[in-house]
Amino acid sequence: MRSPSPFNPLASSRGPEERPLSATPARTGAADAGLLLLRLTFGLLMAGHGAQKLFGLFGGPGFAKTGKGFDAMGYHPGEAYGLAAGLSELLGGLGFALGLLTPLAAAALIGVMINAMVMVTGAHGLWMSDNGVEYNVAIAVVALAVAAIGPGRLAADRPFRWGKGGWTEAAVALGLAGVGTAIVLSL
């Protein structure tokens, strides 16, 4: 019997033909931990933002005031648009944080951010200090990047095809966000 090689720790004593490389268990690495950190940070912040709109948590306005705010911005009926925005942020944020249905969660976050840029922050330039689009762009880009890269091994999507990320997943996220935004802005 051969002993494992110090130069190839994956080699077994039975020989390489009996133990394919793909049979070795994959380990969670720094990239997976980094993706988890990104997803948790952005996802939970967005879920909290949705909870502010819907339930008045974390010092937020709550549903009635959110509806009035959307009415004032020209979204009629304001309550319906406030509900859609709040649910997109809450459910999209939770899905993003968990790595659950990542392309759809990313689409929800991107769509809300595009709407915010068009209706609220776009007229103020780039920088957040001037109420510009800086924050919205950062969230949209992170959501799109995670859809493209995949949520990592520490995600609920791990066993599914879309849990690996890719061009298709990124296109689905961006496409759904664009269609949703176009519908909302055209009504």
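A brief structural summary. (Residues numbered from 1 in each chain as written. Predicted model: local features only at pLDDT ≥ 70, side-chain atom pairs only at ≥ 80, totals over all residues. Heavy atoms only, no water.)

## Remarks on the packing of aromatic side chains
Ring pairs (aromatic) are described by centroid distance and by the angle formed between their planes. The final tally for this structure, using the stated rule, is three aromatic pairs. With a centroid separation of 5.0 Å and an interplanar angle of 45°, the aromatic rings of Tyr75 and Tyr81 are classed as tilted. In terms of burial, Tyr75 and Tyr81 fall into one category: buried. Centroid distance Phe160 to Trp162: 4.8 Å. Interplanar angle 5°. Geometry classified as stacked. Using a relative accessible area of 38% as the deciding quantity, one classes Phe160 as partly exposed. A network of ring pairs unites the aromatic residues Phe70, Tyr75 and Tyr81 as a single cluster. (Phe/Tyr/Trp six-rings, centres within 6.5 Å; stacked < 30°, edge-to-face > 60°. Buried < 20%, exposed > 50% of the residue type's maximum accessible area, 1.4 Å probe, protein only.)

## Looking at the environment of Gly62
Here Gly62 shows up in helix H2 (residues 62-72). Here the alpha-carbon distance between Gly62 and Gly86, two residues 24 residues apart in the chain, equals 9.7 Å. Residues contacting Gly62, with those up to four places away along its chain left out, are Gln52, Lys53, Leu54, Phe55 and Gly56. (Helix = DSSP H or I, 4+ residues; strand = E, 2+ residues; numbered from the N terminus. Contact = heavy atoms within 4.5 Å.)

## Concerning helix H3 (residues 78-98)
In a regular helix each residue adds 1.5 Å, so 21 residues correspond to 30 Å; H3 covers 30 Å between its end C-alpha atoms and thus fits that length. Listing the buried residues of H3 in full gives Gly78, Tyr81, Gly82, Ala85, Gly86, Glu89, Leu90, Gly92, Gly93, Gly95, Phe96 and Ala97. Among the structural elements, helix H1 (30-55), H2, helix H4 (102-121), helix H5 (134-149) and helix H6 (167-186) are those in contact with the buried residues of H3. At the C-terminal side of H3, Gly99 shows a positive phi close to 70°. (Expected span 1.5 Å × (residues − 1).)

## A short note on the packing of H1 against H5
Packing of H1 against H5 leaves a shortest axis separation of 11 Å and a crossing angle of 135°. Taken as axis vectors, H1 and H5 run oblique relative to one another. Relative to H5, H1 is oriented so that their crossing is left-handed. Two secondary-structure elements touch here, H1 through Leu35, Leu38, Arg39, Phe42 and Met46 and H5 through Tyr135, Ala138, Ile139, Val142, Val146 and Ile149. Residues that form the contact of H1 with H5 fall into these classes: 10 nonpolar, no polar and one charged. (Axes fitted to C-alpha atoms, helices over the stretch in contact; angles between N-to-C directions. Parallel < 35°, antiparallel > 145°, perpendicular 65-115°, else oblique. Left-handed = near helix turned anticlockwise from the far one by under 90°. Nonpolar A, V, L, I, M, F, W, Y, C, P; charged D, E, K, R; others polar.)

## Side note on the environment of His76
Assignment of secondary structure puts His76 in the loop between H2 and H3. The exposure class assigned to His76 is exposed, which follows from its relative accessible area of 54%. Considering only alpha carbons, one finds His76 and Leu187, 111 residues apart in sequence, at a separation of 8.5 Å. For His76, the contacting residues outside a window of four places in its chain are Asp71 and Tyr81. Among the polar contacts listed, one links the side chain of His76 to the side chain of Asp71, at a separation of 2.8 Å. (Polar contact = N/O pair within 3.5 Å; in protein donor to acceptor, adjacent residues only side chain to side chain.)

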